[in-house]
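Given next are the chains, with one letter for each unit.
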Amino acid sequence: MTFARLIGHAAPYRVALGIIALLMLVQTASVLVLPWLGGQLAAGFLAEGTLAEDALDTDLILIGIIVLFGVRSVLAYAVSWKLADTAARIVTDLRQSAYERVQMLPLGYFRARRQGDILSSVVYEPQYLSQFLTMTLPRFVPNGLAVLGALGLMAGIDPLLASLVVGLMPLFYLSVR
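Calculation notes
Residues numbered from 1 in each chain as written. Predicted model: local features only at pLDDT ≥ 70, side-chain atom pairs only at ≥ 80, totals over all residues. Heavy atoms only, no water. Helix = DSSP H or I, 4+ residues; strand = E, 2+ residues; numbered from the N terminus. Rg over C-alpha atoms; globule rule 2.2 N^0.38 Å. Buried < 20%, exposed > 50% of the residue type's maximum accessible area, 1.4 Å probe, protein only. Contact = heavy atoms within 4.5 Å. Areas by Shrake-Rupley, 256 points an atom, 1.4 Å probe, with all protein chains shown as cover. Axes fitted to C-alpha atoms, helices over the stretch in contact; angles between N-to-C directions. Parallel < 35°, antiparallel > 145°, perpendicular 65-115°, else oblique. Nonpolar A, V, L, I, M, F, W, Y, C, P; charged D, E, K, R; others polar. Core = buried A, V, L, I, M, F, W, Y, C linked by side-chain atoms within 4.5 Å.

A.B. asks: Would you take a moment to explain the overall build of the protein for this structure?
C.D. replies: Scanning the protein from terminus to terminus reveals eight helices and zero strands. Secondary structure elements of the protein occur, N-terminal to C-terminal, as α-α-α-α-α-α-α-α. Taking 16 Å as the expected radius of gyration for a compact globule of 177 residues, we find that the protein reaches 24 Å, considerably beyond that expectation. The buried share of the protein, reckoned over its 177 residues, is 23%. In the protein, of all internal contacts separated by at least 6 residues, the share reaching a separation of at least 24 is 80%. Accessible surface computed for the protein: about 12,400 Å², of which carbon and sulfur atoms make up 70%.

A.B. asks: Would you mind going over the packing of helix H5 (residues 115-123) against helix H6 (residues 125-136) with me for this structure?
C.D. replies: When two helices pack together, you describe them by how their axes are tilted relative to each other and by the distance separating the axes. Closest axis-to-axis distance for the H5/H6 pair is 4 Å, and the angle between their directions is 30 degrees. It follows that H5 is roughly parallel to H6 by the angle criterion. Here H5 contributes Ser 120, Ser 121, Val 122 and Val 123 to the contact with H6, which in turn contributes Glu 125, Pro 126 and Gln 127. Counted by class, the contact of H5 with H6 contains three nonpolar, three polar and one charged residues.

A.B. asks: Hey, could you run me through the nonpolar core in this one?
C.D. replies: Soluble globular proteins tend to pack their nonpolar side chains together in the buried interior. Judged by nonpolar contacts, Ala 10, Tyr 13, Leu 17, Ile 20, Met 24, Val 79, Leu 83, Ile 90, Leu 94, Leu 129 and Leu 133 together constitute the single largest core of 11 residues. Counting only elements with at least two residues in this core, the list comes to helix H2 (14-46), helix H3 (51-103) and H6. The element best represented in this core is H3, accounting for four residues. Look past the residues within four positions of Ile 90 in its chain and what remains in contact with it is Tyr 13, Ser 130, Leu 133 and Thr 134. Leu 34, Leu 37, Ile 61 and Ile 65 belong to the second-largest nonpolar core, a separate cluster that totals six residues.

Written out as structure tokens, the structure is:
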């Protein structure tokens, strides 16, 4: 199956998959904000200044961290619920389509093949396709954003360390593989 044909199967669900991708982007952004807030909190503890002013900033940062954890929990629930719902709909439609296609095949087709192969293509392959469309495909953009955001934060802290990580990452990948 070609990638274009695979995307064609996802076309009826593009709105749901777009919502999933958008929720994942917001979830990724919230993950990137948490270390920044932690850094601000640590800077508030380590900085010199008036105690009352620091206490107010610290309280606001702590409230922000708590709210951020709540938002992340709600987003995680929404993503998992929407993913499960969309995956179930895709599997149902693909299995129905595969079953209708199998019903139209001539008897010679069934005599030439093992029954398990036909059953596998009707039952299991739509599940694999659905997993790709709902789990793998929507995660490309948020994962790329997370990598770029982490590299940006690292470069803001120490550009030499960030360039070292970027330079050594392919070597690490090859050594693990």
